[in-house]
Amino acid sequence: NSDNTDACVSIDTTGDGSVDTYCRTAVCGDGLIRNGVETCDDEGETATCDSDCTAVSCGDGVTNATAGEECDSAGEVTSECNSDCTAASCGDGVVNTTAGEECDNGAANNDATADACRTDCQLASCGDGAIDDGETCDDGNGNRCWCGNC
């Protein structure tokens, strides 16, 4: 069998240039792309091929660190993984509501600037210690009922 894209591959296992293994079952990781089964086979994880011989794609459920993925939750946003396959963390610039974030402006998160996303990734609010639009004062006591009456 000279067709190394089907279920039966013939290969040189000794490196002498001659085929010495005939009709071995094709498997992911052997460096040969099996038509209809594999989309790539780079003999392991690479920036373009996952370890399961599928093309790299954020959201495919296979974390590929070589391609820059920190996590891959199969398209579902989790408290640990953002939709862009980066690890969820307040201050990373990606709003992850599943992780409890209301906002996330990355390095621009600020606890003192009016109406800014706070460093805990919560929206500016009465009682957060910063005077926001509509407030005349904010004593930071966490009491959302008294802003303007400090």
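What comes next is a walk through the structure. Numbers given for residues are sequential positions, taken from 1 along each chain in its written order. Confidence filtering applies because this is a predicted model: local features only for residues at pLDDT of at least 70, side-chain atom pairs given and counted only at 80 or more, and all residues used for totals across whole chains, interfaces and linings. To obtain the side-chain values, all non-hydrogen atoms of the structure were used and water was disregarded.

### Considerations on the overall build of the chain
So, point 1. Secondary structure elements follow DSSP: runs of H or I no shorter than four residues count as helices, runs of E no shorter than two count as strands, and numbering proceeds from the N terminus. The helix and strand tally for the chain stands at zero helices and two strands.
So, point 2. Burial analysis of the chain (150 residues in total) assigns 27% to the buried set.
So, point 3. Contacts are assigned to residue pairs with any non-hydrogen atoms lying within 4.5 Å of each other. When contacts within the chain are restricted to residue pairs at least 6 apart in sequence, long-range pairs at least 24 apart make up 7% of them.
So, point 4. When the accessible surface of the chain is split by element, carbon and sulfur atoms take 49% of a total near 8400 Å². Burial here depends on accessible area, computed with a 1.4 Å probe over protein chains only, as a share of the maximum for the residue type. Under 20% is buried, over 50% is exposed, and the range in between is partly exposed. Per-residue and other accessible areas were derived by the Shrake-Rupley procedure at a 1.4 Å probe size, with only the shown protein chains allowed to occlude residues.

### Remarks on the pattern of salt bridges
So, point 1. In the sections that follow, a salt bridge refers to a side-chain nitrogen of Lys or Arg positioned within 4 Å of a carboxyl oxygen of Asp or Glu. All chains considered together, the criterion is met by two salt bridges.
So, point 2. Arginine 118 serves as the salt-bridge partner of aspartate 128, at 2.8 Å between the closest nitrogen and oxygen. Here the residue aspartate 128 occupies a position in the segment after β2 (21–25), and arginine 118 occupies one in the segment after β2, the gap between them amounting to ten residues.
So, point 3. Between aspartate 132 and arginine 118 there is a salt bridge, with the nearest N and O atoms lying 2.7 Å from each other. Here aspartate 132 is found in the segment after β2, whereas its partner arginine 118 is found in the segment after β2, with 14 residues between them in sequence.

### With respect to the state of the cysteines
So, point 1. The disulfide definition used here is simple: a pair of cysteine sulfur atoms within 2.5 Å. Using the criterion set out here, one finds six disulfides in the structure.
So, point 2. Residue cysteine 28 pairs covalently with cysteine 53 via a disulfide, S to S 2.1 Å. Measuring the twist about the S-S bond at about 95°, one finds the cysteine 28-cysteine 53 disulfide to be right-handed. Separated by 25 residues along the polypeptide, cysteine 28 in the segment after β2 and cysteine 53 in the segment after β2 bring together distant segments of the chain.
So, point 3. Covalently, cysteine 40 is tied to cysteine 49 through a disulfide, its sulfur atoms 2.1 Å apart. One disulfide, between cysteine 40 and cysteine 49, carries an S-S torsion of 90° and so falls in the right-handed class. Across the pair, exposure class does not vary: cysteine 40 and cysteine 49 are buried alike.

### Overview of the side chain of aspartate 138
So, point 1. Here aspartate 138 is to be found in the segment after β2.
So, point 2. Buried charge aspartate 138 goes without a salt bridge, the closest partner of opposite sign being arginine 118 at 6.4 Å.
So, point 3. The definition of a polar contact used here is a pair of N or O atoms within 3.5 Å, where within protein one atom must be able to donate a hydrogen and the other to accept one, and adjacent residues in sequence count solely through side-chain atom pairs. Polar side-chain contacts of aspartate 138 include one of 2.9 Å to the backbone nitrogen of glycine 127.
So, point 4. For aspartate 138, the side chain forms a polar contact with the main-chain nitrogen of glycine 129, separated by 3.0 Å. Lys and Arg are tallied as positive, Asp and Glu as negative. Neither His nor the chain termini are counted.

In short, the description is geometric, and any link to function would need to be established separately.
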